[in-house]
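The chain contents come next:
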Amino acid sequence: MRIGVGIDFHRLVEDRKLILGGVEVPFSKGLLGHSDADVLTHAICDAILGAAALGDIGQHFPDTDEAYKNISSLKLLVHTHQLVRKQNLSIGNIDATLIAEAPKLGPHFPAIKKMLCKTLNIESQQLNLKATTSEGMGPEGRGEGLSAWAIVILK
């Protein structure tokens, strides 16, 4: 069994879609990044890569490579999953937490969970999603950005 942790942060800006777990969440702002800036999927990718001792998301999908400009992070997740499967590893479970003052994310979790489980070909009970606020503290608390943490067990 191997355990990996992933953490990601992105700034909220105007004129961008808010994509979380491959799902567009209605909100007045979106996340800034080279790809679609899906903070949740990026944290999960990093956790998977960490558990497999394969470096990090920046090594595999550098923001200096135009091939990844505005790419769906689900494509990055598929590639990441293929890398660990080549090592004969499989996902045991994923536990992920989003940190945001707004929007309220809980109502979007069923769609996000369905999308991520389908993308990774895992069962619903292998993925847990949570959301919390930072009680007004830090960039998330001021509404400047969102962050996500993920822990993955590979077996």
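Everything discussed here concerns the structure shown above.
Residues numbered from 1 in each chain as written. Predicted model: local features only at pLDDT ≥ 70, side-chain atom pairs only at ≥ 80, totals over all residues. Heavy atoms only, no water.

Trainee: Explanation requested: the sheet that holds strand 4 (residues 30-31) in the structure shown.
Mentor: Through backbone hydrogen bonds, the strands of a sheet pair up, either in parallel or in antiparallel fashion. If you walk across this open sheet you meet the five strands as 4-1-7-5-6, and the pairing is mixed. A single partner strand is all that each edge strand has here, and the edge strands are strand 4 and strand 6 (127-132). Where strand 1 (residues 2-13) meets strand 7 (residues 145-154), 10 bridges bridge the pair, whose relative direction is antiparallel. Bridge assignment links Val5 to a residue of strand 7, and that residue is Ile151. Each of strand 1, strand 4, strand 5 (91-99), strand 6 and strand 7 touches helix 1 (residues 39-51); the most contacted strand, strand 1, lies at about 155 degrees to it. (Pairing = 2+ DSSP bridges. Helix = DSSP H or I, 4+ residues; strand = E, 2+ residues; numbered from the N terminus. Contact = heavy atoms within 4.5 Å. Axes fitted to C-alpha atoms, helices over the stretch in contact; angles between N-to-C directions.)

Trainee: Would you explain the side chain of Asp46 in this entry?
Mentor: You can see Asp46 is positioned in helix 1. In this structure, Asp46 is buried with no salt-bridge partner, the nearest side chain bearing the opposite charge being Arg2 at 14 Å. Within polar-contact distance, the side chain of Asp46 engages the backbone nitrogen of Ile57 at 2.7 Å. Not counting residues up to four positions away in its chain, the partners in contact with Asp46 are Val5, Gly6, Ile7, Asp56 and Ile57. (Buried < 20%, exposed > 50% of the residue type's maximum accessible area, 1.4 Å probe, protein only. Lys, Arg positive; Asp, Glu negative; His and termini not counted. Salt bridge = Lys/Arg side-chain N within 4 Å of Asp/Glu carboxyl O. Polar contact = N/O pair within 3.5 Å; in protein donor to acceptor, adjacent residues only side chain to side chain.)

Trainee: Honestly, the layout of surface pockets in this entry has me stumped. Any pointers?
Mentor: Taking a probe equal in size to a water molecule and rolling it over the atoms shows the remaining empty space. If you add up the space inside the largest pocket, you get close to 250 Å³. Considering the residues around the largest pocket, the lining is formed by 14 residues, among which His34, Ser35, His42, Phe61 and Asp63 are closest to the centre. Looking at the lining of the largest pocket, the elements that each hand over two or more residues are strand 1, helix 1 and helix 2 (57-60). Residues belonging to the lining of the largest pocket are distributed by class as follows: five nonpolar, six polar and three charged. (1 Å grid on protein atoms, 1.4 Å probe; cavity = no way out; pocket = protein on both sides within 12 Å on 5 of 7 lines; lining within 4 Å. Points joined across faces, edges and corners; volume = space filled by probe spheres on them. Nonpolar A, V, L, I, M, F, W, Y, C, P; charged D, E, K, R; others polar.)

Trainee: Quick question: what am I supposed to make of the pairing of strand 1 here?
Mentor: The side chains of a regular strand alternate between the sheet's two faces. Across two bridges, strand 1 lies against strand 4 in antiparallel orientation. Residue pairing in the sheet places Leu12 in a bridge with Leu31 of strand 4.

Trainee: I would appreciate a short explanation of a nonpolar patch on the surface in the present structure.
Mentor: Side chains of Met1, Ile3, Val5, Ile7, Phe9, Trp149 and Ile151 sit close together on the surface and give an oily, nonpolar patch of about 770 Å² of accessible area. Every element with two or more residues in the nonpolar patch is listed here: strand 1 and strand 7. Residue contributions to the nonpolar patch peak at four residues, all from strand 1. The topology assignment puts Phe9 in strand 1. (Patch = residues over 30% accessible without salt bridge, like charges linked within 9 Å, V, L, I, M, F, W, Y side chains within 5 Å. Areas by Shrake-Rupley, 256 points an atom, 1.4 Å probe, with all protein chains shown as cover.)

Trainee: Teacher, can you tell me more about the environment of Trp149 here?
Mentor: Here Trp149 is to be found in strand 7. Trp149 sits in the partly exposed class, given a relative accessible area of 43%. Remark: the alpha-carbon pair of Trp149 and Leu120, spanning 29 residues in sequence, is separated by 18 Å. Ignoring sequence-local partners within four residues, the contact set of Trp149 consists of Gly6, Ile7, Ala43, Asp95, Ala96, Thr97 and Ile99.

Trainee: Can you help me understand the pattern of salt bridges in this one?
Mentor: Pairing is possible between side chains that carry opposite charge, provided their charged atoms lie close to one another. Throughout the structure, instances matching the rule amount to three salt bridges. Among the ionic pairs, Lys17 bridges to Glu24, the shortest N-O distance being 3.9 Å. Look at Lys17 and you get exposed, because its relative accessible area is 55%. Given a relative accessible area of 47%, Glu24 falls into the partly exposed group. For Asp95, the salt bridge identified is with Lys130, shortest N-O distance 2.6 Å. Residue Asp95 is found in strand 5, and its partner Lys130 is found in strand 6; the two are separated by 35 residues along the sequence. With a relative accessible area of 27%, Asp95 lands in the partly exposed category.

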